[in-house]
Each structure stands twice: as C-alpha cells, then as structure tokens.
Amino acid sequence: MTQLFSKSTARAHTNIALVKYWGKADSDLKLPITDSLSLTLDGFYTDTSVVFDDCLTADEVTLNSHRLSLDEASRVHQFLDVVREWSHLTTFARVQSVNHVPTSAGLASSASAFAALAGSASRAAGLNLSRKDLSRLARRGSGSASRSIYGGFVQWQKGNDETSYAFPVEEDVTWPISMVALIVDANQKKVSSTLGMQTSVASSPFYAQWPTIVAKDLEEIKPAILNHDLTHVGQIMEANAMRMHALTLSAAPSFTYFNGETIRAMNLVQSLRQTGVECYFTLDAGPNLKILCESENETTVVAALASEFGADHVLATRPGKGLTYLSD
Ligand code: 2P0
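As the structure is a prediction and not an experimental result, all values here were calculated from the model.

(A) Inspection of the overall build of the chain at higher detail. Along the backbone of the chain there are 8 helices and 14 strands. Taking 2.2 N^0.38 as the reference for a compact globule, 328 residues should give roughly 20 Å; the C-alpha atoms of the chain span a radius of gyration of 19 Å, in line with that estimate. With the C-alpha coordinates aligned to their principal axes, the bounding extent of the chain is approximately 70 × 40 × 35 Å. Here the chain holds 328 residues, and 47% of them are scored as buried. Restricting the contact set of the chain to residue pairs at least 6 apart, pairs at least 24 apart contribute 74%.

Pasting the structure below:
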C-alpha cells in the first residue's frame, strides 16, 4: 500500500565551541569523552527539506543544487538509516540542502547540516521529537550538531546514547557580543575532525590531561558567560583552543590545522588586545580564526582584520537561534 508522506523543511545555524569537543568514547554513536560548550551563530546556517517517497529506490541527496554521489552522501545515508530505525520506516528519502556556510573551512558546516537534517527528516518521517531527542538524533550525524538544536550558549553533555545530548546555558543572549570569522584559507580541510580527534586520542601523550582541562574550563566559563565577563570567557576560550591544538601537534603522526596565515592572524589578535581592543580567538579543525569581542568593538576588529587579510575574508556574526521549521 502506498503511504502518503509530507515534506518538512528546517533551518539550523552553525555553532562555534568555546570549550571544545575533541575525542569520542564511541565512534558509531558519536559519544564524546567530555562535555563541550558552544555559541550558536546567526550568520551561518543550513536549510534542508526532506520527503520520504515510496517511488524511490535509494536516498537522493542534493547539496547546493549539486546531486551527491553515493560516496559523497554516505554520512547522510547512514543518518537516514537511523531515522528509519527510529520511525520504523523502510522508505527512501529525497533530501535537498542549501548551505549558507563556507563548507569545510573549519566553520562547522556539519553542525548546521546535521541539525537541520535531524529536524526535517524526523518530522518528514512522522516523528514528533522533543528538543532533547532531536539533539540525540543530530549527534548521530555529527557530534557538534547536537549543540545546534539550541540557540545561544549551549552545553553538550557526555553520557550514553540516552543521556548524551545538549541543553541551553543561555538561549536568548542579552550580552551584546560578536563572533568575527576570519577566513585565511577556504579550501577543504586536510584532516577531518573525525580522523583528527581519533589520532589525538590514540597517540597524544597529553590526551590524559584533556578531560581535566575541559572540566575546569566549563566550571569557570559558565559563570563568566552569565556575568558577561569577556575577559574571563575570552581567556578560557583561547587557552582551551590552544590546548586542543596541542593534542594534534603532540599526536603520532604529528599534524596541525594551522598554516602560516593562521599564526599571523593570532599575532594580530594579540596585538589588537595590547592596544586596548579586547578580543580573543578560537580555532577548530581548520586554519581559520573566530574572534570574540563586544559588539561595540566589532567595527574596529573587522577593520583591523580586513586591512591585513582583505575585507572579503572577514565575516561578522552575532548569537543565533536554534532549530526552526520553515514549512511543512
Ligand atoms: C567542536 N569540532 O567542539 C570541535 C572542535 C572541531 C574542533 O566538533 O566526528 O564534525 O562528526 O562528531 O562534530 C567538529 O567535529 O565531528 C567539531 P564528528 P564534528 O566544535
């Protein structure tokens, strides 16, 4: 018998971790070794539509009008298998996704992508999930996607498949802050986050310290966020990123996401601080910097970065919202 399915479209924004997720306890379920904490951003997002269709003989995935091959879409197929398992469906789906994030430039496009897919695919499959379960589901696509279900400052807790999900720390952010992305290299990253964290866990002699570092950073950053204390938030965020990157440098084989321009940009942020413009950087699995400052300093920070790296490499953004549905 032919079943009638309705289409669902969802929008999710990307997030940048202030306290990083770097290491899995279970790679299939994407369970993290530690908690992490992020800020969802309004400037970078993914819109995804899903419809299940009895006429399809395989899942069809289109990204930015380009039809993906089976290989390119393998993570999406695996994710749809989880949705089918949760909803007891056997039907294939048509997925159309438009990414408003520079893909694979270390701006966490997989976070917005899998959060939007979790929202649209679950609804199209007839599931009506709570935000907790949407976060658990998004996690199965990409760990950091669990955090993009919520807006503002978000914590993702470690745990088992039932208990590892994100929750808001401060969803409606009243603090006037900006995150400025500096794209020093827009090319595809060379070592995926998945492989990078796996190598770090397996071989960095410093990895044993990482859970202790994260626990202390989380305990200290949360009150600083609620007090709108940029100095403490920025210092913790910057140190946490450097310690995460130390895990890549100390792995065997050693690797780094930094390039020469990354180092030049870090020096520029530090010298801006010395001239009294308070701003702090973080970096993910790529060479690009994200710089946190009070919004009253955004223009100054953007101008300083633009004069060194070019205006089209600098994108300023503010705290953003969680998952929303565009139409059903
Ligand atoms: C984070 N990153 O907390 C960390 C910091 C990159 C550096 O989460 O393997 O795409 O799909 O769970 O979520 C990027 O890794 O990795 C990431 P998987 P994901 O934002």
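That was the structure; now back to the text.
(B) Region of the structure containing the domain arrangement of the chain. Domain parsing of the chain yields domain 1 (8–173) and domain 2 (177–317). Counting residues at the interface gives 25 residues for domain 1, matched by 35 residues for domain 2. Mapped onto the side of domain 1 that touches domain 2, the elements with two or more residues apiece are strand S1 (8–19), strand S4 (36–52) and strand S9 (166–170). The element contributing the most residues to the side of domain 1 that touches domain 2 is S4, with 6 residues. Residue classes in the side of domain 1 that touches domain 2 are distributed as 15 nonpolar, 5 polar and 5 charged.

(C) Structural context of the site of the ligand. The environment of the ligand is formed by 15 residues, the closest being Ala17, Ser142, Gly143, Ser144 and Ser193. Tallied by class, the residues present in the shell around the ligand amount to 5 nonpolar, 7 polar and 3 charged. When residues of the shell around the ligand are sorted by domain, at least three fall in each of domain 1 (8–173) and domain 2 (177–317).

(D) Geometry of helix H2 (residues 109–124). The first and last C-alpha atoms of H2 sit 22 Å apart over 16 residues, in line with the 22 Å expected at 1.5 Å per residue. In terms of residue burial, H2 counts as a mostly covered element, since 16 of its 16 residues are buried.

(E) Unusual backbone geometry, seen in detail. Ala252 connects to Pro253 through a cis peptide bond whose omega is 5 degrees. Following the sequence through the fold, Pro253 ends up in the loop between helix H6 (230–249) and helix H7 (260–274). Positive phi, normally seen in glycine, also occurs at Lys30, with a value near 50 degrees. One can find Lys30 in the loop between strand S2 (24–26) and strand S3 (31–32). Phi is positive for His88, close to 60 degrees, though the residue is something other than glycine. Here His88 lies in the loop between helix H1 (74–87) and strand S7 (93–100).

(F) The arrangement of the pairing of S1 in detail. Most of S1 is tucked away: 12 of the 12 residues are buried. Where S1 meets S4, 10 bridges bridge the pair, whose relative direction is antiparallel. Considered in S4, the bridge of Ala17 is made with Ser38. Here S1 runs beside strand S14 (residues 324–327); their pairing, made up of 3 bridges, is antiparallel.

Calculation rules
Within each chain, residues carry numbers counting from 1 in the order of the written sequence. At least 70 in pLDDT is required for a residue's local features to be given in this predicted model, at least 80 for side-chain atom pairs to be given and counted, and no such filter applies to totals for whole chains, interfaces and linings, which use all residues. Strands are runs of DSSP state E lasting at least two residues, helices are runs of H or I lasting at least four, and both sets are numbered from the N terminus onward. The reference for a compact globule is 2.2 Å times residues^0.38; the radius of gyration itself is calculated from the C-alpha atoms. Between the buried cut of 20 or more and the exposed cut of 12 or fewer other C-beta atoms within 10 Å of a residue's own C-beta lies the partly exposed class, and all C-beta atoms are placed from the backbone. Here, residue contact means that the backbone-derived C-beta atoms of the two residues sit within 7 Å. Note: domain ranges come from an automatic or database domain assignment. Polar here means any residue other than Ala, Val, Leu, Ile, Met, Phe, Trp, Tyr, Cys and Pro, which are nonpolar, and Asp, Glu, Lys and Arg, which are charged; Gly is therefore polar. Only the C-beta atom matters for this test: placed from the backbone, it must lie within 6 Å of a molecule or strand for the residue to be near it. Given the number of residues in a helix, its expected span is that number minus one, multiplied by 1.5 Å. One requirement defines pairing of two strands: DSSP has to find at least two bridges between them.

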